[in-house]
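# What the coordinates show
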Amino acid sequence: MPKDSGIGASSKRREDIRFLTGAGNYTDDINIRGQAHVYFLRSDVAHGTIAKIDTSAAEGMPGVVRVFTGADFEAIGGMPCGWQVTDRHGQPMQEPKHPVLAHVKVRHVGEPVAAVVAETLEQARDAAEAIDLEINALPAVVDMKSAVTDGAPKVHDDLTSNLCYDWGFVEENREAVNEAFDKAAHVTTLELVNNRLVANPMEPRVAVGDYARGTDEHTLYTTSQNPHVIRLLMGAFVLGIPEHKLRVVAPDVGGGFGTKIFHYQEEAFCTFAAKACNRPVKWTSSRTEAFMSDAHGRDHVTKIELALDADNNFAAIRTETFANMGAYLSTFAPSVPTWLHGTLMAGNYKTPLIYVNVKAVFTNTVPVDAYRGAGRPEATFQLERVIDKAARELGVDPIALRRQNFVTEFPYATPVAVEYDTGDYVATMDKLEEMADLSGFDARRKESEARGKLRGLGVNCYIEACGIAPSNLVGQLGARAGLYESATVRVNATGGLVVMTGSHSHGQGHETAFPQVIAEMIGIDESMIEIVHGDTANTPMGMGTYGSRSLAVGGSAMVRATEKIIAKATKIASHLLEASESDIELKDGAFSVAGTDKSVAWGDVTLAAYVPHNYPLEDLEPGLEETAFYDPSNFTYPSGAYACEVEVDPDTGKVSIEAFTAVDDFGNVVNPMIVTGQVHGGIAQGIGQALLENCAYDENGQLLSASYMDYAMPRADDLPMFAVDHSCQTPCTHNPLGVKGCGEAGAIGSPPSVVNAVVDALQSAGKDVTHIDMPLSPARVWAAMQ
Amino acid sequence: MAQVSMTVNGKAASGDVEGRTLLSSFLRDSLDLTGTHVGCDTSQCGACVVHVNGEAVKACTMLAVEAQGAEVATIEGMANPDGSLNVIQQAFQDHHGLQCGFCTPGMVMSAAALLKENPKPTEAEVREYLEGNICRCTGYHNIVKAIMAASGQDVSSIAAE
């Protein structure tokens, strides 16, 4: 029987009530008395020098409060980068300055050059048109491989080249891997592009800066996945505001998918300008601005080689990837193609030798950073595509080749420096074959052929790493932040609880799922527990939500804090019951003395904590509030197997998804309904990448896909219903909940199966097609068939 | 500036607007009805869908002055008179048809318009109708399911939410 509350129950989401009635509180819904609006004048060329910027006419326009340019920010720190990668020669990456407003040079279309603060947004926009801006265009670099050739225009004059770093992993294995390739019985090579994407949360970014002159306190309301991180980065590195004078609030946030992790110029500007203008200052991004200022995702060009021995065992993997950084280093950009990508190259397979080379490159494009999956989709895509290609070259079944090479014993230390604690890749593949009815595929193919359509089946596995940790290890790898999470559990006198978490919900349903855990631990109703998140003023320092870490890391912190609560409440109960602490049991919201009918209710204990009349004051402080910081000892490793069936129209090249099945192992599951929803959304984004989405630039660095007219977002009629299962559960061994994280799996696991399926469909028709680069638009598929 | 008057969720509403003020801005900024969201600037995303004289309209495609004298319904007016969720809203909660909630008001308003003109839509009809509403969180699976459930159809054969 499904549970109706606690861990494992599909509790309906409490936050839905406000979202369904228009009562949400998103950042753009916040308006502060006296606020002014800012409009950013952005560069319309990709690369150039600012020859002239005259704001005098704009300053005289109606409603204008003040006009800012890069000169106003010369004394201000630049935008910081939160991760320093060390290259294969032991040298630190090249790290360019990143100004709040462009000064002297512009380096990508959309870079803010000036900012007009005015009474209304319309007045600010009108005045921006009156700014006399002359930019002398310079040759732009857009293509990564061209950018690192001798004589290429440099994005940053003060760097030695456009190469940010040349990373080798594991560098010590380089020669051994090369030798394994020399001895291989078969080598499969695949060159591919992992297409540039834009995360596109439906809520555009917003920032509202406020300043209280009387107390010298700054407040920033912002669309962020991690308000504490923004407070630290902006306060310490950009504006020089100590944390105790800076509050960052991220209220209801309309989706993030990674792109709202990063600290952006507009946040720093609004905070700065609120003090400079002595007015609250608000910025609301338009969608067009979002396309040219939100950090983009993916954009790798890769050559992967897979060496096999004579028995088709994987012997070695060697990759060379060019990773686009864009014009500047976004907050965590350097970590994505390295530690979030190279460490995943073993996948689900026992390949003894792996070498990953990544060249990160500056170009005159919008900065690129983490987008749902961040490095892991890129690793999974190349690995699962090259395995499929190898199977076809060798004439073996792609599933059998995978099964033959599965890791089957855990813990398993990969040759790329991580240790998988648990998993059962055979079980997830077995479940996939059953759910997707793979044995019935041939009949379905014949039926499609009878209608003139080419049917293809694609399968892939994936492994991902969630809850990046521990802090001391990631510090050695170059992170300039810790990766713990925090929770304060405050029990009120009448027994209700408030959990203040450092993680942040922007669609994941923390307000519903987190209480399920505590309700189970104490035995009280979920409705007695409230989750507070998103405000640095009333939550402990935490790192926020990304990398599918909220439950595995933030939930674990909450469990630890609740354990402290229960331990103290047990002492109080033992006093009230006049029994030994070791005899006290907590069940169904009551403390009882084992083997007796003596008990005291949860509410009586909590009341005693705050009205400590009958209370062991000499041994125990009053009150019932505890905080825990949880720093995981390892990543978690969700895994799964996905299958996609497509039909290709041979006349037009149009691909339609006929069936999509996802079998995931997330370890223990707290709310199956929410987990399933996360997988649905991830699959939709993965199919979007595979078939529809492409962030395109022309050779001059002009962004060609800056609206929903040009960037193909998946719509309802592009997608089928999904078959999703997470009944294969190998619990994580090193966090108290045994959970692994589910937010990114769908986006990581789905693109290869779609492409594998299309290739399968075309080969079934005798077409000699081994690969098509994403997105598999009708034009590309049709061209490949000719 | 021009004065504009209309009926919003059954109540008289008026305000001074510029000629270029969009209905979406008037609802959000002048009437503080912030449930109507703006997710794009090309009338593609559908987060701002409201009903004007009973028809689903993207409030970002219409000037406030064009709604002079109109009957406008927004997400804030959709709940039952006792404040409980109406059948569509309830189906969205029951079937997990929303995550971040940003596209949700537009989805609910579009769903209401669809069910008014087609009380028992097929899955394909729901998907086609939602062509003008973009959701980035749900993959649409549970939205489609919720709308079909709200129409009174048995959705138990559709994979679990």
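Computed from a predicted model, the values in this text were never measured in an experiment. (Residues numbered from 1 in each chain as written. Chains lettered and ligands numbered in written order. Predicted model: local features only at pLDDT ≥ 70, side-chain atom pairs only at ≥ 80, totals over all residues.)

## Focus: the overall build of chain B
Scanning chain B for helices and strands turns up five helices and five strands. The order of α-helices and β-strands along chain B, N terminus first, is β-β-α-β-β-β-α-α-α-α. In terms of overall size, chain B behaves like a compact globule, its C-alpha atoms giving a radius of gyration of 16 Å where 161 residues would be expected to give roughly 15 Å. Judged by the C-alpha coordinates and their principal axes, chain B covers about 55 × 35 × 25 Å. Looking at chain B residue by residue over its 161 residues, the buried ones come to 57%. For chain B, the proportion of contacts with a sequence separation of at least 24, taken over those separated by at least 6, is 57%. (Helix = DSSP H or I, 4+ residues; strand = E, 2+ residues; numbered from the N terminus. Rg over C-alpha atoms; globule rule 2.2 N^0.38 Å. Buried ≥ 20, exposed ≤ 12 C-beta atoms within 10 Å, placed from the backbone. Contact = placed C-beta atoms within 7 Å.)

## Section: the overall build of chain A
Assigned secondary structure in chain A consists of 19 helices and 30 strands. Seen through its principal axes, chain A has C-alpha atoms that stretch 85 × 75 × 55 Å. For chain A, restricting intrachain contacts to residue pairs at least 6 apart in sequence, the fraction spanning at least 24 positions comes to 80%.

## Thoughts on the domain arrangement of chain B
When the parts come together, some accessible area is lost, and that loss is often what is quoted as the size of the interface. Residues and elements named next belong to chain B. Each assigned domain of chain B is listed here: domain 1 (2-77) and domain 2 (87-150). Each partner contributes residues to the interface: domain 1 has 14 residues there, and domain 2 has eleven residues. If one sorts the elements of the side of domain 1 that touches domain 2 by residue count, strand E3 (residues 49-52) sits on top with three residues. (Domains from an automatic or database assignment.)

## Remarks on the environment of phenylalanine 257 of chain A
Of note, phenylalanine 257 of chain A is situated in the loop between strand E12 (246-249) and helix H7 (265-277). In this structure, the C-alpha to C-alpha distance between phenylalanine 257 of chain A and tyrosine 546 of chain A, residues 289 residues apart in sequence, is 7.6 Å.

## What about the interface of chain B and chain A?
Counting residues at the interface gives 48 residues for chain B, matched by 46 residues for chain A. Mapped onto the side of chain B that touches chain A, the elements with two or more residues apiece are helix H2 (87-94), helix H3 (104-117), helix H4 (123-129) and helix H5 (141-150) of chain B. It is H2 of chain B that contributes the most residues to the side of chain B that touches chain A, four residues altogether. Residues that form the side of chain B that touches chain A fall into these classes: 23 nonpolar, 16 polar and nine charged. (Nonpolar A, V, L, I, M, F, W, Y, C, P; charged D, E, K, R; others polar.)

## With respect to unusual backbone geometry
All names here are of chain A. Here alanine 469 and proline 470 are connected by a cis peptide whose omega angle stands at -10 degrees. Tracing the chain through its elements places proline 470 in the loop between strand E20 (454-463) and helix H13 (471-476). For the bond from methionine 774 to proline 775, the omega torsion is -5 degrees, close enough to zero to count as cis. Here proline 775 shows up in the loop between helix H18 (745-764) and helix H19 (778-785). Positive phi, close to 75 degrees, is recorded for valine 104, a residue that is not glycine.

## Some thoughts on the sheet that holds strand E4 (residues 55-58) of chain B
Two strands in a sheet stick together by hydrogen bonds in their backbones, pointing the same way (parallel) or opposite ways (antiparallel). Residue and element names in this part refer to chain B. Reading across from one edge, E2-E1-E5-E3-E4 is the order of the five strands in this open sheet, with mixed pairing throughout. A single partner strand is all that each edge strand has here, and the edge strands are strand E2 (11-17) and E4. Across the sheet, the mean angle separating the axes of adjacent strands is 40 degrees when strand polarity is ignored. Seen against the sheet, H3 touches E3 and E4 and runs at an angle of roughly 40 degrees to E3. (Pairing = 2+ DSSP bridges. Axes fitted to C-alpha atoms, helices over the stretch in contact; angles between N-to-C directions.)

## Quick word on the sheet that holds strand E23 (residues 529-532) of chain A
Residue and element names in this part refer to chain A. Sheet architecture is open: four strands sit in the order E23-E22-E21-E27, paired in mixed fashion. Edge positions in the open sheet fall to E23 and strand E27 (625-630), since each of these has one partner strand only. Averaged over all pairs of adjacent strands, the angle between their axes in this sheet comes to 20 degrees, without regard to strand direction. Judged from the five bridges that link them, strand E21 (residues 485-491) and strand E22 (residues 497-501) form a sheet pairing that is antiparallel. Each bridged residue has a counterpart across the sheet, and for alanine 487 the counterpart in E22 is threonine 501. Most of the contacts of helix H14 (residues 510-522) go to E23, to which it runs at about 135 degrees, and overall it touches E22 and E23. Relative to the sheet, helix H15 (residues 550-577) contacts E21, E22 and E27, its axis offset from that of E21 by approximately 35 degrees.

## Section: the domain arrangement of chain A
All names here are of chain A. Here the domain parsing of chain A yields domain 1 (27-138 + 202-255 + 260-293), domain 2 (300-469 + 634-785) and domain 3 (484-630). For domain 2 versus domain 3, the separation of C-alpha centres amounts to 40 Å. Counting from both sides, the interface comprises 20 residues of domain 2 and, opposite them, 16 residues of domain 3. A class-by-class count of the residues in the side of domain 2 that touches domain 3 yields eleven nonpolar, seven polar and two charged.

## Here's the deal with the pairing of strand E29 (residues 655-665) of chain A
On a regular strand, one side chain projects to one face of the sheet and the next to the other, so that they alternate. All names here are of chain A. Counting buried positions over the eleven residues of E29 gives eight, a clear majority of the element. Bridge count for strand E28 (residues 639-648) against E29 is ten bridges, and the pairing is antiparallel. Looking at E29, one finds that tyrosine 642 is bridged to alanine 662. The hairpin formed by E28 and E29 contains six residues between the paired strands, and glycine 653 there has a positive phi angle of roughly 80 degrees. In this sheet, strand E30 (residues 722-725) lies alongside E29 in parallel orientation, the contact comprising four bridges. Note that in E30 the partner of threonine 661 across the bridge is alanine 723.

## Quick word on the confidence of the model for chain B
Residue-level pLDDT values for chain B average 96, and 98% of them are 70 or greater. For this predicted complex, the interface confidence comes out at an ipTM of 0.98, alongside a pTM of 0.97. (pLDDT = per-residue confidence, 0-100.)

## Description of the packing of H3 of chain B against H5 of chain B
All names here are of chain B. Relative to each other, H3 and H5 sit at 40 degrees, their axes nearing to 11 Å. By the angle between their directions, the pair H3 and H5 is classed as oblique. Handedness of the crossing formed by H3 with H5: right-handed. Residue-level inspection shows Met107, Ala111, Leu114 and Leu115 of H3 in contact with H5, the latter providing Ile143, Ile147 and Ala150. Class assignment for the residues of the contact of H3 with H5 results in seven nonpolar, no polar and no charged. (Parallel < 35°, antiparallel > 145°, perpendicular 65-115°, else oblique. Left-handed = near helix turned anticlockwise from the far one by under 90°.)

## Thoughts on helix H3 (residues 121-129) of chain A
Residues and elements named next belong to chain A. Residues of H3 that are buried include every one of Leu121, Gln123, Ala124, Ala127 and Ala128, and no others. On an axial view of H3, the arc spanned by its buried residues comes to 160 degrees, and they lie on one face. For H3, the elements touching its buried residues are strand E1 (36-42), helix H2 (56-59), strand E3 (64-69) and strand E5 (112-118). (Arc of directions from axis to C-beta.)

## Focus on the packing of H14 of chain A against H15 of chain A
Residue and element names in this part refer to chain A. It is the contact of H14 with H15, at a shortest axis distance of 10 Å, that shows an interaxial angle of 35 degrees. When you trace H14 past H15, the crossing you get is right-handed. When H14 is examined against H15, the residues His510, Ala513, Phe514, Val517, Ile518, Met521 and Ile522 are found in contact with a partner set consisting of Ser550, Leu551, Gly555, Met558, Val559, Thr562 and Ile566. A breakdown of the residues in the contact of H14 with H15 according to their chemical character gives ten nonpolar, four polar and no charged.

## Quick notes on the pairing of E3 of chain A
All names here are of chain A. Within E3, five of the six residues are buried, which leaves it mostly tucked inside the rest of the structure. Bridge count for E3 against E5 is five bridges, and the pairing is antiparallel. By the bridge assignment, threonine 69 is partnered in E5 with alanine 114.

## Structural notes on the nonpolar core
Residues and elements named next belong to chain A. Among the nonpolar cores identified, the biggest contains 298 residues, and Val38, Val116 and Val758 are the most heavily contacted of them. For this core, the element with the most residues is H15, which contributes eleven residues. Ignoring sequence-local partners within four residues, the contact set of valine 758 consists of Gly456, Val646, Val648, Val655, Ile772, Leu776 and Val781. (Core = buried A, V, L, I, M, F, W, Y, C linked by C-beta atoms within 7 Å.)

## Examining the environment of valine 126 of chain B
Residue and element names in this part refer to chain B. In this structure, valine 126 sits in helix H4. Remark: the alpha-carbon pair of valine 126 and glycine 83, spanning 43 residues in sequence, is separated by 27 Å. Residues contacting valine 126, with those up to four places away along its chain left out, are Leu114, Pro121, Val144, Ile147 and Met148.

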